[in-house]
Amino acid sequence: MYLLGISSLFLASGETIGMIVAIVVAVLAIAAAIAGFVLFFNHKKKVDQANKELGEASERAQKMVAEAQAECKALKKEAILEAKEQELKLRNDFERESKEKKAELAKQEQRLTQREDNLDKREDSLTKKSDALEQQKKELANKEQEIKKTQDKINHQHELMIQELEKVAQLTKEEAKTLLSNEILDETRHDVALQVRNIEQTAKEEATNEAKKIITLAIQRCAADHTSEVTVSTVSLPSDDMKARIIGREGRNIRALENATGIEFIIDDTPEVVILSGFDPMRREVARLALERLIADGRIHPARIEETVEKVKKELDNEIKQAGEAAMFEVGIFGLHPELIKLIGRLKYRTSYGQNVYQHSIEVALLAGLMAQELGLDVNFAKRAGLLHDIGKAVDHEQEGTHIRLGADLAKKYKENANIVNAIEAHHGDVEPKTVEAVLVAAADAISGARPGARRETGTNYVKRLEKLEEIASSFSGVDKSYAIQAGREIRVMVKPEQIDDAQALFLAKDIAKKIESELEYPGQIKVNVIREFRSVEYAK
């Protein structure tokens, strides 16, 4: 029973399961159909969308093709127009060139035609001339025959005349020739001597006139200033109160100035002026510049004075170099040794017979160059020799020897040309000049020195006496510096304190005075002032 119940339950359950399965299958079929329909609908939608996009793309492509075709047509049209324009331009150019060539060919053809006509005319002319020449040849041949006959006749008569002359003169032909030739030679020698003398006289006159002309032109073209130098300088003061500060307590400032510069400072009743007296222009310039700077600075005491003087000396060295370069550029020569340039600048503070040697050297260089130009000589060589001819005067205070010898030695030392050295040696006639330019330098030197007011003999003698006075004082052992002041009435001698003591300073003053008396001629008397100063210096660190 139990089994039957279970079996019936299973049978009932099997039908239910079959129904359920059938329902599930039906549901799945419906779902599949629905899914298929949905998929079909979506596919169709996508296909329609794709067809739509394809259609739009096709339309755009057709539109782009149409635009491209239109653009191609426009470009084609433009290219055709450009080609036509180019063709038209080339055609016009070709026609123009063709016309020009045709015109040129026509001209050439015309010229050739004219040449042919000229050649024909020349040919006719030459033909006529040839006929005339043939006729002239015939006439000349006839004349030559006649002349030959006449010559033969003359020769025959000449022989007869010679025979008659020999009979009359009782001389042979050779004897007559010798006698006649001797007479002719004597007359010829006399005439030649007269002509030579006249030619020499004329040449001398013309040479003198030409030389005067060249020198006159050179002097006119070289309008250089020339002034005589003086032995004093002045410095203006802002007020008379500054004089007391320059003098200093018990005169220590003015003594320091005089000892440092070697120049006498004269402070008198002249309002707002200090006079600087000394024969050396370079020292005066150092003193003037130093005093002006001290006045502007306001600090005037011995230490500051020495510092300022040393600084001015260094700056003056730079100014000397610049002055040398300025002279070189003014004259127009280049390539001088730097030391020679400095020496030329030092000549600015050197005088000769009261004439500034710097300006004198420039003037001589310009005069020599102008005369060389007039004569067709080496202008640069003449200028160079003229500028350097007095270079020895830049060192003749320091070295023994004449300025000529010193100048020649300096030129050799700094590798100047041998002809330059000769021009320096020959400008006062000490040696024979080897070149015409050397002669011109000597002439230019004489011209520059001979100008009215250019030189003063008395001033130079005065300067030489002061130089000799300093030279005598400096010749003694232990002397550091010596300065001639008070127009040569006083010699101030600074000695080295470590070599000369106070007692020796007394004897040194007497020895210097005796040597001055024996070697120097001077008016009045000369005061010998020996100064011994000992300084102890230490630095606080």
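What counts, and where the lines are drawn
- Residues numbered from 1 in each chain as written.
- Predicted model: local features only at pLDDT ≥ 70, side-chain atom pairs only at ≥ 80, totals over all residues.
- Heavy atoms only, no water.
- Core = buried A, V, L, I, M, F, W, Y, C linked by side-chain atoms within 4.5 Å.
- Buried < 20%, exposed > 50% of the residue type's maximum accessible area, 1.4 Å probe, protein only.
- Helix = DSSP H or I, 4+ residues; strand = E, 2+ residues; numbered from the N terminus.
- Contact = heavy atoms within 4.5 Å.
- Phe/Tyr/Trp six-rings, centres within 6.5 Å; stacked < 30°, edge-to-face > 60°.
- Lys NZ or Arg CZ within 6 Å of the ring centre and 35° of its normal.
- Salt bridge = Lys/Arg side-chain N within 4 Å of Asp/Glu carboxyl O.
- Patch = residues over 30% accessible without salt bridge, like charges linked within 9 Å, V, L, I, M, F, W, Y side chains within 5 Å.
- Areas by Shrake-Rupley, 256 points an atom, 1.4 Å probe, with all protein chains shown as cover.
- Lys, Arg positive; Asp, Glu negative; His and termini not counted.
- Charge placed at Lys NZ, Arg CZ, Asp CG, Glu CD.
- Pairing = 2+ DSSP bridges.
- Axes fitted to C-alpha atoms, helices over the stretch in contact; angles between N-to-C directions.

### Concerning the nonpolar core
One finds Leu336, Leu343, Ile344, Tyr358, Leu387, Leu388 and Ile391 to be the most contacted residues of the largest nonpolar core, which totals 42 residues. Of all elements in the fold, only α6 (302–331), α7 (338–346), α8 (357–375), α9 (379–388), α10 (403–413), α11 (418–426) and α12 (436–450) reach the threshold of two or more residues within this core. Considering every element that reaches this core, the biggest residue donor is α8, with nine residues. Setting aside anything within four residues of it in sequence, one finds Tyr358 in contact with Ala323, Ala326, Ala327, Ile344, Leu347 and Lys348. Core analysis: the next-biggest nonpolar cluster, separate from the first, contains 26 residues, Ile246, Ala260, Ala287 and Leu289 among them.

### Looking at the packing of aromatic side chains
Centre distance and the angle of the planes are the two values used to describe a pair of aromatic rings. Considering all chains together, one arrives at one aromatic pair under this definition. The positively charged end of Lys515 is found above the aromatic ring belonging to Phe476, 5.4 Å away from the centroid.

### Quick word on the environment of Glu470
Along the polypeptide, Glu470 turns up in helix α13 (residues 457–474). For Glu470, a relative accessible area of 8% corresponds to the buried category. Residues Glu470 and Lys481, eleven residues apart in the sequence, show an inter-C-alpha distance of 8.8 Å. Residue contacts for Glu470: discarding those within four places in its chain leaves Phe279, Arg283, Ser482, Tyr483, Ala484 and Ile491.

### What about the pattern of salt bridges?
On inspection of all chains with the given rule, the structure shows 18 salt bridges. Here Asp93 makes a salt bridge to Arg96, at a shortest N to O gap of 3.0 Å. One end of the pair is Asp93 and the other is Arg96, both in helix α1 (residues 2–169) and three residues apart, which spans about a single turn. Its relative accessible area of 23% is what places Asp93 among the partly exposed residues. Among the ionic pairs, Asp502 bridges to Arg532, the shortest N-O distance being 3.2 Å. Of this pair, Asp502 sits in helix α14 (residues 502–519) while Arg532 sits in strand β8 (residues 527–532), placing them 30 residues apart in sequence.

### Thoughts on a negative patch on the surface
The grouping of Glu116, Asp117, Asp120, Glu123 and Asp124 at the surface amounts to a negative patch. Inspection of the secondary structure assignment puts Asp124 in helix α1.

### Concerning the sheet that holds strand β1 (residues 232–236)
Taken in spatial order, the three strands make up an open sheet running β1-β3-β2, and their pairing is antiparallel. The sheet is open, and its two borders are formed by β1 and β2 (264–266), each paired with just one other strand. The average undirected angle you get between the axes of adjacent strands in this sheet is 25°. Inspection of the sheet shows β2 paired to strand β3 (residues 273–277) by three bridges, in the antiparallel sense.

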